[in-house]
There are 2 protein chains.
Amino acid sequence: MTTPLRLGIAGLGTVGAGVVKIVRQKAALLTERTGREITVVAVCARHRERDRGVPLTDYAWEDDPVALATRDDVDVFVELMGGSDGPAKAATEAALDAGKDVVTANKAMLAHHGQALAERAEARGAVLRFEAAVAGGIPVIKALTEGLAGNEITRVMGVMNGTCNYILTRMETGGLTYREAFDEADGLGYLEADPELDVGGIDAGHKLSLLAAIAYGTQVAFDAVELEGIGKVSIDDIRQAADMGYKIKLLGVSRMTGRGLEQRMAPCLVPATSPLGQLDGGTNMVVIEGDQVGQIVMRGAGAGEGPTASAVMGDVMDLARGFRMSTFGQAAASLRPATPARSATPAPYYLRMALMDKPGALAKVATALGEAGISINRMRQYAHTDDAAPVLIVTHRTTRAALDSAIAAMRATGVVAGEPVALRIENV
Amino acid sequence: MTTPLRLGIAGLGTVGAGVVKIVRQKAALLTERTGREITVVAVCARHRERDRGVPLTDYAWEDDPVALATRDDVDVFVELMGGSDGPAKAATEAALDAGKDVVTANKAMLAHHGQALAERAEARGAVLRFEAAVAGGIPVIKALTEGLAGNEITRVMGVMNGTCNYILTRMETGGLTYREAFDEADGLGYLEADPELDVGGIDAGHKLSLLAAIAYGTQVAFDAVELEGIGKVSIDDIRQAADMGYKIKLLGVSRMTGRGLEQRMAPCLVPATSPLGQLDGGTNMVVIEGDQVGQIVMRGAGAGEGPTASAVMGDVMDLARGFRMSTFGQAAASLRPATPARSATPAPYYLRMALMDKPGALAKVATALGEAGISINRMRQYAHTDDAAPVLIVTHRTTRAALDSAIAAMRATGVVAGEPVALRIENV
């Protein structure tokens, strides 16, 4: 038996406490599976006295995560503090500079600094792993980086923010408005301190950008993700979509095209009976398409103590087994800068707007679409009592650019009230 | 850059040819991802002259797989011949004895000799990997062995034989009898040389037993898998199930219980709208449940050149990266003998039989069920023109043992014609 693998854990929220519990309660199983004892030697968090449901007195306490990360008796720095910068980044950098391996669940840090951190790790021969940063307990980073490594990846898609999915599901099943569902999720503690991270699609966009880096061998390009939040989705949209056999999901899609890398995180209509359409509540789903394997779909819990701790432990156990590889599945220096391409793959679109009650208003909308080369699959105008009539249009396949120019033309005619809502329809 | 990883490939059917194609056509990608060149040095197959759609003249040819497996210039023996014994086993043993790593797609060999081969590998410090043996392109072995290694696995389920799923799907969508669908699958080349391997559930049972060994840390116990084939499923069963909102799938379930290891591969009714129910044609699905992660579902192509070659390459690339681990995820010596437990987890059952047209016949059946402690959820007797009336019963939750005793009691009354069909209902 070799020497124990010694962990220093920074951040003792539910995930950190969950990791400590697994290490304590499953010691024999972990050793049996990895051939090596795994121990916690030191921990660090903001509030030392808080009861976290697990005894911590066996471990050294550090107030400073950088001090924890660089302790001589720490082999692996487990970063579970969160935040793209600040202490998480400082401690991760310090650990890597000290040649220590790092396991993190921090999608924001990697989305913003992934390339620099990967280079830093490799400069010192350290390993940086982040399974827990994407899709909670689903071992999707491992699948993409290792199991499917013989494929050229052609597309990666996913529903990867459980909070958004919860809000959309509650709007649909409970008939709640967006605001009501948002408040309910907030009351349940599902939202990040900055809710825009969730509902603005930023958190899910972080995850998509990490998957894309691995899939296409490109440097993480979070800033190039086209982001649309779910705040514009109304209960009307949910109902109209349901009428047509669709559900609305915050769906991420990335694809390498001849023009560059497309990355999009936006609410979309997906068939209600499809695997994505059936995804309710906090469950995540990731779809990977490769030239050899075809389509692989993975589903599981996207957050929570157990699932996220499971992902952290997967990375820790790989290190205990001596598995060493580059952060994004190939040497950081070989990752190419991504050429962002605004997503141009055509799709049908769902378009909802309020039309002024004026003669010829509908004709002007139809003309604007026709002049942009967009043909209409179906159109409905609903009965109304106020000055503006709700109009719903489903187009045939078109590009987002053509649609945006049609919307601009419609608005220039002055017959459209407010901001039209355009949602892509993904028949996946 | 280190020295190349040199493969010797035995078996040049579609999968073997597919592996050669990937190594030839994606050389740069493979090296970029693993940091090591991967080359084929020698190949072996039964018919040297056959055109396999890929040039083989760059590689040494061996007529004898054992000679291939033990060549000095082979680092990894890739076994794609198939067959539980014979040349595949002899060559695998020879490779391991020579300290060479082995990658195989051979579920039959591992189901029958997995423990002995794992011990043999470890005795020489060799690695034996078999991702391609289970569920084609789905990286499920990797998920179970590595990504979810921090979990106690509580249940593993799966639809893992595409041929059976194709036959059942065609009976349903095409209204074909079992025999017609079987003949269609045969005509398309989907069936093994011994069709019983497919339709008898043996092939799927092999796969289930391998997953169970990893999941529960037990020695492979294929002989303890309760096997039922799909041959008893009739078009009537498919239709009745559909009427009730179910589809029939050849479903494997393994579970560690207080009494021992349950492993069952049998046609079951699953809800038509569930992920398993929506699985059509050759697609496979594996469901893994762990104490931390909850439920993980993985779906993908279960066979075919690209998907299977993708799985082989995943293993090869792990070896190129220097990942070394025990065959079943822990040292062979630490795998415990499985204590087989006949599956006793209660479930509702679907029961179809032909009743003699005699007064009191239905009462006798109902009495037999009642005396076995089985309550009836619903029962239908159908109009009939011959001497025997089709009767369909759905029970409340009961054990298979209780059901079997009730069936024996019914048959003893002499009112049941032929063999009743009993299918478990899995509401997953």
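The structure presented is a predicted model; accordingly, all values stated were derived computationally and were not measured. (Residues numbered from 1 in each chain as written. Chains lettered and ligands numbered in written order. Predicted model: local features only at pLDDT ≥ 70, side-chain atom pairs only at ≥ 80, totals over all residues. Heavy atoms only, no water.)

Participant: How do you make sense of the overall build of chain A when you look at a structure like this?
Facilitator: Helix and strand counts for chain A come out as 14 helices and 16 strands. Whereas a compact globule of 428 residues would reach a radius of gyration of roughly 22 Å, chain A reaches 24 Å, a difference of no more than 12%. With respect to the three principal axes, the spread of C-alpha positions in chain A is 80 × 45 × 35 Å. Buried positions account for 60% of the 428 residues belonging to chain A. Residue pairs at least 24 apart in sequence account for 74% of intrachain contacts in chain A once pairs closer than 6 positions are excluded. (Helix = DSSP H or I, 4+ residues; strand = E, 2+ residues; numbered from the N terminus. Rg over C-alpha atoms; globule rule 2.2 N^0.38 Å. Buried < 20%, exposed > 50% of the residue type's maximum accessible area, 1.4 Å probe, protein only. Contact = heavy atoms within 4.5 Å.)

Participant: Looking at this structure, I do not really get the packing of helix 1 (residues 14–25) of chain B against helix 12 (residues 305–320) of chain B. What am I missing?
Facilitator: Axis angle and axis distance: for two packed helices, these are the angle between their axes and the distance between the axes, and together they describe the pair. Residue and element names in this part refer to chain B. It is at 8 Å that the axes of helix 1 and helix 12 come closest, and there the two elements cross at 65°. Note on packing geometry: the crossing formed by helix 1 with helix 12 is right-handed. On helix 12, the residues that touch T14, V15, G18, V19, K21, I22 and V23 of helix 1 are E305, T308, A309, S310, V312 and M313. For the contact of helix 1 with helix 12, a count of residues per class yields 7 nonpolar, 4 polar and 2 charged. (Axes fitted to C-alpha atoms, helices over the stretch in contact; angles between N-to-C directions. Left-handed = near helix turned anticlockwise from the far one by under 90°. Nonpolar A, V, L, I, M, F, W, Y, C, P; charged D, E, K, R; others polar.)

Participant: Explanation requested: the sheet that holds strand 1 (residues 5–10) of chain A in the structure shown.
Facilitator: Residues and elements named next belong to chain A. The strand order 3-2-1-4-5-6 describes an open sheet built from 6 strands, whose pairing is parallel. Strands at the two margins of the open sheet, each flanked by one partner only, are strand 3 (60–62) and strand 6 (128–129). Note: strand 1 against strand 2 (residues 38–44), 6 bridges, orientation parallel. Residue pairing for strand 2: I9 is matched across the bridge by V43. (Pairing = 2+ DSSP bridges.)

Participant: Would you mind going over the UniProt feature "binding site: NADP(+)" (unreviewed entry) in chain A with me for this structure?
Facilitator: Residues and elements named next belong to chain A. As annotated by UniProt and renumbered to match this structure, "binding site: NADP(+)" (unreviewed entry) occupies A10, G11, L12, G13, T14, V15, G16 and A17. With respect to the helices, strands and loops of the structure, T14 is situated in helix 1 (residues 14–25). Relative to the assigned elements, V15 resides in helix 1. When sequence neighbours within four positions are dropped, the list of residues in contact with V15 reads L80, G304, T308, A309 and V312. (UniProt positions renumbered as here; feature names shortened; annotations may be inferred.)

Participant: Is there a simple way to explain the domain arrangement of chain A in this structure?
Facilitator: The parts lose accessible area when they come together, and the size of an interface is often stated as this lost area. Residues and elements named next belong to chain A. Domain annotation of chain A identifies domain 1 (5–133), domain 2 (143–302) and domain 3 (349–425). For domain 1 versus domain 2, the distance between C-alpha centres works out to 28 Å. Across the contact, 10 residues belong to domain 1 and 10 residues belong to domain 2. For the domain 1 and domain 2 pair, buried surface summed over both sides reaches about 840 Å², with 64% attributable to carbon and sulfur atoms. Interface area lost by domain 1 to domain 2 is led by K107, A111 and Q115, which between them contribute 50%. Across the domain 1-domain 2 interface, the total number found is 1 salt bridge. (Domains from an automatic or database assignment. Buried area = accessible area lost by both parts, 1.4 Å probe. Salt bridge = Lys/Arg side-chain N within 4 Å of Asp/Glu carboxyl O.)

Participant: Just to check I follow, could you spell out helix 11 (residues 235–243) of chain B for this structure?
Facilitator: In an α-helix, one turn spans 3.6 residues, which is why side chains three or four residues apart end up on the same side. Residue and element names in this part refer to chain B. Those residues of helix 11 that fall on the buried side of the exposure criterion are I235, D237, I238, Q240 and A241. N-capping of helix 11 is provided by S234, with a side-chain oxygen placed 3.2 Å from the backbone N of D236. Where helix 11 terminates, the next one or two residues include G245, which has phi positive at roughly 90°. (Polar contact = N/O pair within 3.5 Å; in protein donor to acceptor, adjacent residues only side chain to side chain.)

Participant: Looking at this structure, how should I read the relation of the copies chain A and chain B?
Facilitator: The operation relating the two chain copies consists of a rotation about an axis and a shift along that axis. Aligned on chain B, chain A shows an RMSD of 0.1 Å; the corresponding rotation is 180° and the shift along the axis is 0.0 Å. Both chain copies can therefore be described as sitting about a two-fold axis. Closest approach to the rotation axis within chain A is made by the C-alpha atom of M298 of chain A, at a distance of 2.3 Å. A share of 100% of the interface residues of chain A reappears at the interface of chain B, consistent with the copies meeting face to face through the same patch. (Least-squares fit on C-alpha atoms with pLDDT ≥ 70 in both.)

Participant: What is the right way to read the sheet that holds strand 4 (residues 76–79) of chain B from this model?
Facilitator: For sheets, the rule is that strands pair by backbone hydrogen bonds, running either parallel or antiparallel. All names here are of chain B. The 6 strands lie next to each other as 3-2-1-4-5-6, forming an open sheet whose pairing is parallel. Lying at the two open borders of the sheet, with one neighbouring strand each, are strand 3 (60–62) and strand 6 (128–129). Contacting strand 4 and strand 5 (101–104), helix 4 (residues 86–97) runs over the sheet at an angle of about 165° to strand 4.

Participant: What am I meant to see in the pairing of strand 2 of chain A here?
Facilitator: A regular strand places its side chains on the two faces of the sheet in alternate fashion. Residues and elements named next belong to chain A. Counting buried positions along strand 2 yields 7 of 7 residues, so the element is predominantly enclosed. As judged from the 3 bridges shared by strand 2 and strand 3, these two strands associate in the parallel manner. Looking at the pairing, A42 lines up with A60 of strand 3.

Participant: Help me understand the environment of I376 of chain B in this model?
Facilitator: The topology assignment puts I376 of chain B in strand 14 (residues 376–381). The residues contacting I376 of chain B, other than those within four sequence positions of it, are A366, L369, I393, V394, T395 and H396 of chain B.

Participant: How should the interface of chain A and chain B be read in this particular structure?
Facilitator: The partner chain B presents 50 residues to the 50 residues of chain A that form the contact. Carbon and sulfur atoms make up 49% of the surface buried where chain A meets chain B, a total of about 4,100 Å² over both sides. For K26 of chain B, the salt bridge goes to E152 of chain A, with nearest N and O atoms at 3.3 Å. In this assembly, chain A and chain B are joined by 28 residue pairs in polar contact (both at pLDDT 80 or more).

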